[in-house]
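# Reading the structure
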Amino acid sequence: MTATMNWTIAAPELVLACAAMAILMVGVFARRDAWTMVSMLSFGALLGTAVLVIAGGQGPAVAFSGLFVVDGFAVFAKVLILLAAGLGLLLALDWHQREGIARFEYPIIVLLATLGMMMMVSANDLMSLYVGLELSSLALYIAASFARDDLRSTEAGLKYFMLGALASGMLLYGASLTYGYAGTTRFAGIAEALGTAPASAGLVVGLCFIAAGLAFKVSAVPFHMWTPDVYEGAPTPVTAFFSIAPKVAAIALFLRVMTGPFAPVIAQWQQIIILISAASMLVGAFAAIGQTNVKRLMAYSSIGHVGYALIGLAAGDEAGIRAVLVYMAIYVVMNAGAFGCIVAMRKGGKATERIEDLAGLGSTAPMMALAMAVFMFSMAGIPPLAGFFGKLYVFVAAVQAGLWPLAILGVLASVVSAFYYLRIVKVMYFDAGDVALDARPASISFVVAATGAATVLFAALPAPLLGAAAMAARSLVGG
Amino acid sequence: MIETGAVFFPLLGAIIAGFFGRSLGDRGAQLVTVGCMALAAACGVALFFDVAFAGNARTVVLATWIDSGSFEANWALRYDTLSAVMVGMVTFISTLIHIYSVGYMSHDRSIPRFMAYLSLFTFAMLMLVTADNLIQLFFGWEGVGLASYLLIGFWFDRESANRAAMKAFIVNRVGDVGFALGICGVFVLTDSIAFDAVFAALAGHGSTMVSAFGGEVRAVELCAVLLFIGAMGKSAQLGLHTWLPDAMEGPTPVSALIHAATMVTAGVFLVARMSPLFEMAPVALALVTIIGASTALFAATIGCVQNDIKRIIAYSTCSQLGYMFFAAGVSAYPAAIFHLFTHAFFKALLFLGAGSVIHAMSDEQDIRRMGGIWRKIPATYALMWIGNLALAGVPFFAGFYSKDMVLEAAWGAHTAVGQYAFWCGIIAAFLTAFYSWRLLILTFHGEPRADHHVMEHVHESPPVMVLPLVVLAIGAVFAGAVFYEPFVGHHWQDFWRTAIVVAPGNDAMENAHHVPLWVKWLPVVMGVSGIALAYALYMGAPGLPARIAARFQGVYQFLLNKWYFDELYDALFVRPSMVIGRALWKGGDGAIIDGFGPDGIAAAAKATASKVVKLQTGLVYHYAFAMMIGIVVLVTLFATGRF
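Residues numbered from 1 in each chain as written. Chains lettered and ligands numbered in written order. Predicted model: local features only at pLDDT ≥ 70, side-chain atom pairs only at ≥ 80, totals over all residues. Heavy atoms only, no water.

### Structural notes on the overall build of chain A
Worth spelling out the cut-off: Helix and strand definitions follow DSSP, with helices as H or I runs of at least four residues and strands as E runs of at least two, each counted in order from the N terminus. The rule is simple: take the accessible area with a 1.4 Å probe, protein chains only, and divide by the maximum for that residue type; under 20% is buried, over 50% is exposed, in between is partly exposed. It only takes one pair of heavy atoms within 4.5 Å for two residues to be counted as in contact. Residue exposure ignores everything except the shown protein chains as possible cover, and the areas themselves are Shrake-Rupley values with a 1.4 Å probe.
Within chain A, the secondary structure is distributed over 19 helices and four strands. The buried share among the 479 residues of chain A stands at 63%. Sequence-distant contacts, at least 24 apart, represent 82% of the contacts inside chain A between residues at least 6 apart. For chain A, the exposed surface amounts to about 16300 Å²; the carbon and sulfur share of it is 70%.

Spelled out as structure tokens, the structure:
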């Protein structure tokens, strides 16, 4: 463990933090149309940060006396988070203006949330983990209630905040128990303490509480109940952002904590992960069936997807980690695309979010309907779309790790989930619609087209993603 | 080359007319199919003389079909006397019927389809008779079944035609199960399905026993009976005969070609082909005799009271097939094939003549609404006379020679079943003559019973229809006299050579030539008395038959309703099947499989969904409570380390 500050390796985070504050000043002092300017500057900040992340190398290196780590895994996750943040912001560009909530604080909140997530994935200590988590959470609470004159949005923000506070409390409680029994908050030290002697009850309970806190962030069952309400209430682009960036960060953190400090008790936590993975898949599959609101449906869908991703974690080996990373990357792309289509759902200037509003889309907006169909088929796991390969890798990893029942359950759950994904396709193509959707802005068309193309073409060129994910996974568990 | 040509020219015609009929046009399709058939007939008749008379039996191997372990099957064309007789007869008659069809079907809307089906049927029939092994025979067997189905249901816009087509197909399935099992049995027994190998291996299996039906039976008996069940289905023998009268829904040339002259005789051919097997199985032979004799009598009784001109001839066919079977059953295979051969001519003639009558009567088929037309269609009338004379076994017509031979062989068998067959055959001969003249008189004589529109319209058929009839009539007159000596004469073994095997001791063929004189002449006497009775009843006292029918109402209805076979089967098989099917459909598939399967799972998914959604109350403290429960579960799980 080095005692040096070594802060240069945290340059991307530092730059992003400074940029966020500087852009805030720009926004404050800009005369008019601060929204567009701030948004553009924020894209610039995200892009610059991404460049720094990639240029900073794959480490592994630690900074701030071991609180902060940069390795291939962190780089992979950060790039994905930055991509997700950029996509989320793109979707908000037009929507916030039309809804009259185009206040310049939103992009800055996104930047700060992104900063928190980046710190989460680089955490090497329970303290830095908590700081990063809370930074992102606080930003997200505000984002959820960003349409502050809208009752549902404020309710969403409040619920998210209260339950998030509870989850944070659990996490902190777990962290303090762990510290109490292990004598350190550093990941390496915890692993050492767990590895040397039979795990004490306090450590075990501490681990459980930490796991619960993280499960809340990834919205895994049974800590998922906030998700549908928050997803439905929050402004749609915020929901889109929620469904991709924090998911990546939380899953990455989950992976790091479980395979790092708690690696010695893998046999025990595997059971927990199997349980919440299975429960998430089932709830995600069944609860979505009865939904009429497309955002609520996507909330359950994301719960289900987390369940699939956690299959890879349950496998616990390098192949499993790699599968999770591939799954999350594909998930970000197709979910961003699907939400692009949902953001574009406007009729007569008003946003709509009922599934039946998609009726007739196949004839009124054929390209968008096609893209949406691609995303839905991909999420249902139909070959040769990207979503199929995401599921394939986690199932293969599970089977290789001997987790047959979980893989079978996953396949069955995806059969059930296919029902509601395909229902959307059916509504778009086979039901008669009354009014066509409004013309969609270029930013959304861009997101939908780009993600749609990526979803379709992944099968043709999977090597870069698979290679990067393999390197990241190796840096985490391969030693 | 002519070996392949005889078989494959019809296929060529069928393919051209079937797939390119639309562009060829009606005339083109007719020319192609008739042309191909004529070529095939030239080859077939040449082979008939070359193989059967010159003795150049041969087998042409075309390709290996299946080669799996010890199971080998070739596509091969086997020409021995038996095949050659069949090939010559089938190609010749089929060509005539193709020509006849040109005229008969001239007003139809889908001529190319009809001609293609006819040619396809001929091809399948030829594959059947030239088969070198049981599997190829089965291929042809099913091929003719398919063509029969297609042709019975040719006028598919008629409900009754579709029903008849399905009935024919389904009843034949029953027989085919037996046939297929028989093939399996032969393969298990002899480890081969090629005829030569099978017959060679059979000799060593005379006493092999198998357990079946709860007891030990001789394997050869079992195989023979199973094969005979297949033959019964195809040849409409008692029990599996119900499809044949209904098959008359097809166009008349179809009835003539398939349901009189050729396909229905496939069962007789099969028994003759498998004669080495049947000769080892006396019980099976007795069964063949009894079934054949019973059918001959049974079908003749029904024929006496039917009113549809084609159905009368159909029952007549059924009856004549019975003759052939009991001939085979008493080991007089040559007599069976001889009768098959002559029957093909006069029965095709009768059917085509009936078609000519129907044509003239504007598609009327009920003989009660005919009569008094003999002056208007003299050629048809004369030809029908010839056909009936041959059928009734009046001396020196074809049927006289073959039917007498069959009956003499039955007598000559000197067995109880032989006697049974003989007497059944004698009575049937009387009935045959009776219903033949009943048909003739009601159709052509007496007062016209059709309305005057129809009567004005009555006209002789065009030459393209009459000419084939004339050719068939020549056959019906001379085929018996000409071919008697080689087919069934004293030196019949020199003609059939190895194609037909008769076990030593089964000398019905030999004894047939040394029967008492009264046995020789009894059939003729019976035939002539049948004719006389028909004249007396229908010409002499036209009111009498109705009074007799009224007096013996029970018997009349019994016969009119075809011994209630259809009703019996309906009650015995069809209705229970419907009940079981409905139960399995509604109860088994609908309630159980769908209920617990697709529908049940879907419903369960929806029910689960609504339950899961109910948990989502929207109340924060419920959510928090769920999280607390979750953490308890996790801690418990972690602490105990297992579920």
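### Considerations on the overall build of chain B
Of the regular secondary structure elements, chain B holds 27 helices and four strands. A buried classification covers 58% of the 643 residues belonging to chain B. Look at the contacts in chain B between residues 6 or more apart in sequence, and 80% of them connect residues 24 or more apart. Surface summary for chain B: the accessible area is close to 24600 Å², and the carbon and sulfur share equals 70%.

### Some points on the interface of chain A and chain B
Where we set the bar: Take the accessible area each of two parts loses on contact, using a 1.4 Å probe, and add the two losses: that sum is the buried area. Whenever two N or O atoms come within 3.5 Å, that pair is a polar contact, provided that in protein one can donate a hydrogen and the other can accept it, and provided that, for residues adjacent in sequence, both atoms are side-chain atoms. Note on residue categories: nonpolar means Ala, Val, Leu, Ile, Met, Phe, Trp, Tyr, Cys or Pro, charged means Asp, Glu, Lys or Arg, and polar means any other residue, Gly included.
Contact residues are listed per partner, giving 37 residues for chain A and 26 residues for chain B. Between chain A and chain B, roughly 2700 Å² of surface is buried when both sides are summed, and carbon and sulfur atoms account for 84% of that area. A per-residue breakdown of the area chain A buries against chain B is headed by Met225, Gln271 and Phe286 of chain A, which together make up 23% of the total. Viewed at the interface, chain B and chain A are joined by four residue pairs in polar contact (both at pLDDT 80 or more). Counting only elements with at least two residues in the side of chain A that touches chain B, the list comes to α6 (151-182), α8 (201-217), α9 (226-233), α11 (266-287) and α12 (294-315) of chain A. Partitioning the side of chain A that touches chain B into residue classes produces 29 nonpolar, five polar and three charged.

### Section: the side chain of threonine 432 of chain B
Residues and elements named next belong to chain B. By the element assignment, threonine 432 lies in helix α17 (residues 416-444). Take threonine 432: its relative accessible area is 0%, and that puts it in the buried class. Excluding anything up to four places from it in sequence, threonine 432 contacts Ser319, Gln320, Leu391 and Lys403.

### A look at the nonpolar core
It is characteristic of soluble globular proteins that their nonpolar side chains tend to be buried jointly. Filter applied, for reference: Definition of nonpolar core: a set of buried residues of the types Ala, Val, Leu, Ile, Met, Phe, Trp, Tyr and Cys, connected through side-chain atoms within 4.5 Å.
Grouped together as the largest cluster of nonpolar side chains are 216 residues, with contacts concentrated most on Ile93, Phe278 and Phe487 of chain B. If you tally residues by element for this core, the top one is helix α14 (residues 333-360) of chain B, at 19 residues. Once you skip the residues sitting within four places of it in the chain, phenylalanine 487 of chain B turns out to touch Phe48, Val85, Pro334, Phe338, Phe341, Trp492, Phe495 and Trp496 of chain B. One finds Phe216, Tyr231, Phe395 and Leu403 of chain A within the second-largest nonpolar core, a separate group that totals 208 residues.

### Topic: the pairing of strand β4 (residues 215-218) of chain B
Residues and elements named next belong to chain B. We count it as follows: We treat two strands as partners when DSSP finds at least two bridges between them.
Sheet topology places strand β3 (residues 209-212) next to β4; four bridges connect them, and they run antiparallel. Note that in β4 the partner of serine 211 across the bridge is glutamate 216. Between β3 and the antiparallel strand that follows it, β4, lie two residues; phenylalanine 213 among them carries a positive phi value of about 55°.

### Points about the environment of alanine 10 of chain A
All names here are of chain A. Position of alanine 10 among the secondary structure elements: in the segment before α1 (11-29). In this structure alanine 10 comes out as buried when scored by relative accessible area, which is 2%. With 59 residues separating them along the chain, alanine 10 and valine 69 place their C-alpha atoms 8.6 Å apart. Contacts of alanine 10, omitting those with residues within four sequence positions, involve Phe64 and Phe68.

### Describing the pattern of salt bridges
All names here are of chain A. How we decide: Any Lys or Arg side-chain nitrogen found within 4 Å of a carboxyl oxygen on Asp or Glu counts as a salt bridge.
Applying the stated criterion across every chain, the model contains 37 salt bridges over all chains. Its salt-bridge partner being glutamate 13, residue lysine 78 comes within 2.6 Å of it at the nearest N-O pair. Of this pair, lysine 78 sits in helix α3 (residues 72-99) while glutamate 13 sits in helix α1, and the two are 65 residues apart along the sequence. Here lysine 78 matches glutamate 13 in class, with each residue buried. The partner of lysine 159 in a salt bridge is aspartate 229, with the nearest N and O atoms 2.7 Å apart. Placement of the pair is lysine 159 in helix α6 and aspartate 229 in helix α9, with a sequence separation of 70 residues.

### Structural notes on the packing of aromatic side chains
All names here are of chain B. Counted only if it meets this: Pairs were defined over the aromatic rings of Phe, Tyr and Trp, the Trp ring being its six-membered one, requiring ring centres within 6.5 Å. Orientation was assigned from the angle between planes: stacked under 30 degrees, edge-to-face over 60, tilted for the rest.
Following the criterion strictly, the structure yields 66 aromatic pairs over all chains and no others. Pairing phenylalanine 71 with phenylalanine 187 gives two aromatic rings, centres 5.1 Å apart and planes at 85°, and the pair type is edge-to-face. A residue pair is termed long-range when its members are at least 10 positions apart, and phenylalanine 71 in strand β2 (residues 71-79) and phenylalanine 187 in helix α5 (residues 159-190) qualify at 116 residues. Phenylalanine 71 sits in the buried class, given a relative accessible area of 18%. Classification of phenylalanine 187 by relative accessible area gives partly exposed; the value is 21%.

### A short note on unusual backbone geometry
All names here are of chain A. A cis amide bond links valine 221 with the next residue in sequence, proline 222, at an omega value of 5°. Inspection of the secondary structure puts proline 222 in the loop between α8 and α9. For the peptide bond that leads from proline 383 to proline 384, omega is 0°, which places it in the cis range. Positionally, proline 384 belongs in the loop between α15 (366-380) and α16 (386-400).

### Overview of the pairing of strand β1 (residues 58-68) of chain B
Here nine bridges tie β1 of chain B to β2 of chain B, and the two strands are oriented antiparallel to one another. The residue bridging alanine 63 of chain B from the neighbouring strand is tryptophan 75 of chain B, located in β2 of chain B.

### With respect to the confidence of the model for chain B
Note the following rule: Think of pLDDT as the predictor's per-residue confidence, scored from 0 to 100.
Per-chain confidence: chain B averages 89 in pLDDT, with 100% of residues scoring 70 or above. Here the predicted complex carries an ipTM of 0.85, next to a pTM of 0.63.

### A few points about the packing of α3 of chain A against helix α13 (residues 318-343) of chain A
Residues and elements named next belong to chain A. Note the cut-off: To get an axis, fit a line to the C-alpha atoms, keeping to the stretch in contact for a helix; angles then go from 0 to 180 degrees between the N-to-C directions. Angle categories are assigned with fixed cut-offs, so that under 35 degrees is roughly parallel, over 145 is roughly antiparallel, 65 to 115 is roughly perpendicular, and the rest are oblique.
Viewed as axis vectors pointing N to C, α3 and α13 meet at an angle of 5°, and their least axial separation amounts to 10 Å. For the element pair α3 / α13, the angle class is roughly parallel. Contact with α3, carried on its side by Phe73, Phe76, Leu80, Leu83, Ala84, Leu87, Leu91 and Trp95, involves Ile321, Leu325, Met328, Ala329, Val332, Ala336, Phe339, Gly340 and Val343 of α13 and no other residues of that element.

### Details of the packing of α5 of chain B against helix α6 (residues 195-202) of chain B
Residue and element names in this part refer to chain B. To keep things clear, this is the line we draw: Crossing handedness follows the turn of the near helix against the far one: under a right angle anticlockwise gives a left-handed crossing, and clockwise gives a right-handed one.
At a closest axis distance of 10 Å, the pairing of α5 and α6 adopts a crossing angle of 60°. Relative to α6, the element α5 lies oblique. Taken as a pair, α5 and α6 cross one another with a handedness that is left-handed. For the pair α5 and α6, contact is made by Val186, Leu189 and Thr190 and by Val198, Ala201 and Leu202, respectively. Residue composition of the contact of α5 with α6, by class: five nonpolar, one polar and no charged.

### Some remarks on the side chain of threonine 236 of chain A
Residue and element names in this part refer to chain A. With respect to the element layout, threonine 236 can be found in helix α10 (residues 236-259). By relative accessible area, threonine 236 is classed as buried at 4%. Once you skip the residues sitting within four places of it in the chain, threonine 236 turns out to touch Trp95, Lys295, Phe339, Ile342, Val343 and Glu353.

### With respect to the state of the cysteines
What counts is decided by this rule: Throughout, disulfides are identified as pairs of cysteine sulfur atoms within 2.5 Å of each other.
Tallied over the full model, the rule gives zero disulfides over all chains. Between cysteine 184 of chain B, a free cysteine, and cysteine 223 of chain B, which holds the nearest cysteine sulfur, the sulfur-to-sulfur gap is 9.6 Å.

### Observations concerning the environment of phenylalanine 223 of chain A
Structurally, phenylalanine 223 of chain A can be placed in the loop between α8 and α9. Counting along the chain gives 11 residues from phenylalanine 223 of chain A to alanine 212 of chain A, while the straight-line C-alpha distance between them is 7.4 Å. When sequence neighbours within four positions are dropped, the list of residues in contact with phenylalanine 223 of chain A reads Ala212, Ala215 and Phe216 of chain A together with Met627, Gly630, Ile631 and Leu634 of chain B.

### A closer look at the environment of glycine 169 of chain A
Residues and elements named next belong to chain A. Tracing the chain through its elements places glycine 169 in helix α6. When its relative accessible area of 34% is taken as the criterion, glycine 169 is described as partly exposed. On a C-alpha basis, the gap between glycine 169 and phenylalanine 209 in space is 9.0 Å, while along the polypeptide they are 40 residues apart.

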